[in-house]
Amino acid sequence: MHVLLSALVDHPVSLFISVTFLAFVLHVAYHLLLSPLSKVPGPWYAAVSDLWLTSHTLRLEKCKTIHGLLEKYGPIVRVGPNRVVFRDSLTAKTVYMNPTFYKSSYYKTLQMNDDDHAMTTLEHAEHAARRKGYASHYVPSNIATFQSEVQQYSVDLVDVLDNLAGKSSVDSLTLLRQYMVDVVTSVSFGCHVGALAKWAMDAEDEFCTAVGDFPKRGMLRGALPPWLWNLVCLIPIPRWQLLCRADTIMSKFVSERVYEARAQMTAGGHPDKKTLVHHLLEHKLSPAGASMSDREIIAEHMAHFVAGCDTTAITFTYMLWELSRREDITQNLQAELDAVMPDSKTVPDLSVLLNLPYLNAFIKEGLRMYSATPSLLERVVPTSMSRSSSSAEPFEAMGYILPPGTIVATQAWSVHRDASVFYSPETFAPERWLNAGPAALRTMEQHLMPFGLGTRVCGGMNFANIILRVGIASLLRNFDILVGSGTNERSMAILDSGFVVFPAAMKCNLTFRPRQQR
Ligand code: HEM
């Protein structure tokens, strides 16, 4: 022993290698045998390091990989040294409804210009104060007052496609992002930016491009050290420059409109309709009367563009892609829509659309299979599960005690593909929502979580539900949708950035053939 030690001291490199090796062995032994999470099932290589999960995130297959583990190991799996994933409705209820479970620090990667917004505030009280600022804007009664704007943009969408007369295919993802930018700008600021019109004229719209680029920019920025990011941003390729400047472009667009609305309000002007900006400008963050700062208002607006435009455009695109391959579903939808839309360009009132059984079943099925955000929604196990008590109270998930600080999460991708709830889960079948008995229907509804769950559920959920119904009704009443050039199973394979999914080809060419041409 003495000889070995003196040999190591004489050879510092050997000493370094030996100490590193020992530290590694102790690290592995701790995570596999002694950690409070060591009893939770899962592969050993995931338990000892986050590198394994990171490598799958970088390969854009995080939620599919985690789904594979849930299928293999059962409803609770350890996917990292400090990370546990589950697929269980009771556990989901505790984690997402209990405000003592804060969001994990992952959400900070979604900040806007390094500023927080509702989605990135981790702690409950701070989030509640911000959410109050925008929540009244998206309640069904208020958002319904914007239905004429949504209807008008969907008719504009039909007109743009009518002009093409089905002669060429179009990238639906880009087109629908433009449509969403028009819709969200109108309900956020009460103004018209003409994004669809620009698309029709083949004119570049920097803001729409920035909205689409923002998540990709975030992904790249998160993967590179700051110095390297700053360096690559100097590469003088115009398209690349546009991506690097996505935050600046969005911030400029939003701040101009925020300052305009403030000036109007200060001058005593009353808007015809109270839009999101008015709600945020009037909002008090605390009972003492502190308003939101300009930076906070701008970040909140930018977040609603990013959270609302790409997500809705992606889900909408996948719904159309499904229709391009399924004549049976198209015919059912068209039969229902023909009956309530005698004039193909007059979209019925929401009260009518919300009561169309097949349309509703189609939208639910689309959200089940193609939610744009089906990945882990991470929360942190609190020290105490009760807000009134500070004493430590262990959190038990499906028979395992998870200590405070453990990251826990479920993901819509797996919940929506649970074969015990949704028969043939990989089949797109709107009928499942129409033919199920009351108990099975209730169970399916309880397991549908495209917009997240509980206290942090999607703020724009009601709005998205309206947009999807109005959009699908307008397009299907007027067009048959056909697969376009270059679009196939491979190009539409779902990749995920860790939060939002997108088609492998990042586009989806479809042909919109006017129905009278059939
Ligand atoms: C199909 C379309 C959409 C999907 C699938 C979707 C999905 C989601 C999900 C899963 C979350 C919760 C994330 C979490 O728990 O961490 C979320 C949050 C949010 N979404 Fe959506 N969303 C959609 C459309 C929209 C729209 C149209 C808007 C508004 C214009 C919007 C605004 C927001 C906001 C503000 C939050 C943050 C909520 C908070 O923490 O207070 N979303 N969304």
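Let me sum up the structure you'll find in this document. (Residues numbered from 1 in each chain as written. Predicted model: local features only at pLDDT ≥ 70, side-chain atom pairs only at ≥ 80, totals over all residues. Heavy atoms only, no water.)

**Some points on the sheet that holds strand β8 (residues 407-409)**
Strand pairing within a sheet occurs via backbone hydrogen bonds; the two strands may be parallel or antiparallel.
Piece 1. The strand order across the open sheet built from five strands is β1-β2-β8-β5-β3, with neighbouring strands paired in mixed fashion. Only two strands of the sheet have a single partner each, and these edge strands are β1 (76-80) and β3 (102-103).
Piece 2. Where β3 and strand β5 (residues 379-380) come together, two bridges link them in antiparallel fashion. Paired with K103 across the bridge in β5 is R379.
Piece 3. Strand contacts of helix α5 (residues 62-73): β1 and β2 (83-86), with the helix running at about 140° to β1, the strand carrying the most contacts.
Piece 4. Docked against the sheet, helix α6 (residues 89-97) engages β2, β5 and β8, running at close to 125° with respect to β2. (Pairing = 2+ DSSP bridges. Helix = DSSP H or I, 4+ residues; strand = E, 2+ residues; numbered from the N terminus. Contact = heavy atoms within 4.5 Å. Axes fitted to C-alpha atoms, helices over the stretch in contact; angles between N-to-C directions.)

**Points about the coordination of the iron atom of the ligand**
Piece 1. Here the protein supplies the iron atom of the ligand with just one donor, C458 (SG), and that contact is 2.3 Å long.
Piece 2. Structurally, C458 can be placed in the loop between α23 (438-446) and α24 (461-478). (Donors = N, O, S within 2.8 Å, 3.2 Å for Na, K, Ca; no water.)

**Some words on helix α7 (residues 124-138)**
Piece 1. The end-to-end C-alpha distance of α7 is 20 Å, a good match for the 21 Å that 15 residues give at a rise of 1.5 Å each.
Piece 2. Listing the buried residues of α7 in full gives H124, H127, A129, R130, R131, G133, Y134, H137 and Y138.
Piece 3. Its side-chain oxygen at 3.3 Å from the backbone nitrogen of A125, E123 defines the N-terminal cap of α7. (Expected span 1.5 Å × (residues − 1). Buried < 20%, exposed > 50% of the residue type's maximum accessible area, 1.4 Å probe, protein only. Polar contact = N/O pair within 3.5 Å; in protein donor to acceptor, adjacent residues only side chain to side chain.)

**Considerations on the sheet that holds strand β12 (residues 509-514)**
Piece 1. As summarised here, the arrangement of the three strands in space is β4-β12-β9, forming an open sheet in which the pairing is antiparallel. Each edge of the open sheet is held by one strand with a lone partner, namely β4 (170-171) and β9 (479-483).
Piece 2. Relative to β12, β4 runs antiparallel, the two being bridged by two bridges. By the bridge assignment for β12, V170 is matched with L510.
Piece 3. Across the face of the sheet, helix α17 (residues 294-325) comes into contact with β9 and β12 while running at roughly 85° to β9.

**Here's the deal with empty space enclosed by the protein**
Piece 1. Taken as a whole and assessed by the stated rule, the structure comprises two cavities of 30 Å³ or more.
Piece 2. In this structure, the largest cavity spans a volume of roughly 60 Å³.
Piece 3. Lining the largest cavity, in full, are V95, Y96, N98, P99, F101, Y102, K103, L122, H124, R379, T455 and R456.
Piece 4. Of all the secondary structure elements, the ones that give two or more residues to the lining of the largest cavity are α6 and β3.
Piece 5. Class assignment for the residues of the lining of the largest cavity results in six nonpolar, three polar and three charged.
Piece 6. Considered as a void within the structure, the second largest cavity measures approximately 30 Å³ in volume.
Piece 7. For the lining of the second largest cavity, the elements supplying multiple residues, two or more each, are α17 and α20 (357-370).
Piece 8. For the lining of the second largest cavity, a count of residues per class yields eight nonpolar, one polar and no charged. (1 Å grid on protein atoms, 1.4 Å probe; cavity = no way out; pocket = protein on both sides within 12 Å on 5 of 7 lines; lining within 4 Å. Points joined across faces, edges and corners; volume = space filled by probe spheres on them. Nonpolar A, V, L, I, M, F, W, Y, C, P; charged D, E, K, R; others polar.)

**Topic: the pairing of β12**
Piece 1. Of all six residues in β12, five are buried; the element is thus mostly enclosed.
Piece 2. Of the pairings in the sheet, the one linking β9 to β12 comprises five bridges and is antiparallel in character. When the sheet's bridge partners are listed, L482 is paired in β12 with T511.

**Digging into the packing of helix α12 (residues 206-223) against helix α15 (residues 246-266)**
Piece 1. Running from amino to carboxyl end, α12 crosses α15 at an angle of 135°, the nearest separation of the two axes being 8 Å. Considered as vectors, α12 and α15 are oriented oblique to each other. Relative to α15, α12 is oriented so that their crossing is left-handed. Seen from α12, the contacting residues are E206, F207, A210, V211, D213, F214 and R217; seen from α15, they are A246, D247, I249, M250 and F253.
Piece 2. Taken together, the residues of the contact of α12 with α15 break down into eight nonpolar, no polar and four charged. (Parallel < 35°, antiparallel > 145°, perpendicular 65-115°, else oblique. Left-handed = near helix turned anticlockwise from the far one by under 90°.)

**Topic: the site of the ligand**
Piece 1. For the ligand, the set of nearby residues contains 30 residues, the closest of which are Y107, H127, R131, Y134 and C458.
Piece 2. In this structure, an oxygen atom belonging to the ligand sits 2.5 Å away from a side-chain N or O atom of Y107.
Piece 3. Taking R379, its side chain carries an N or O atom lying 3.0 Å from an oxygen atom of the ligand.
Piece 4. Breaking the shell around the ligand down by element, the ones donating at least two residues are α7, α17 and α24.
Piece 5. In terms of residue count, α17 provides more of the shell around the ligand than any other element does, six residues in total.
Piece 6. Residues of the shell around the ligand, tallied by class, amount to 15 nonpolar, eleven polar and four charged. (Near = heavy atom within 4 Å.)

Keep in mind that these numbers describe shape and distance, not what the molecule does.
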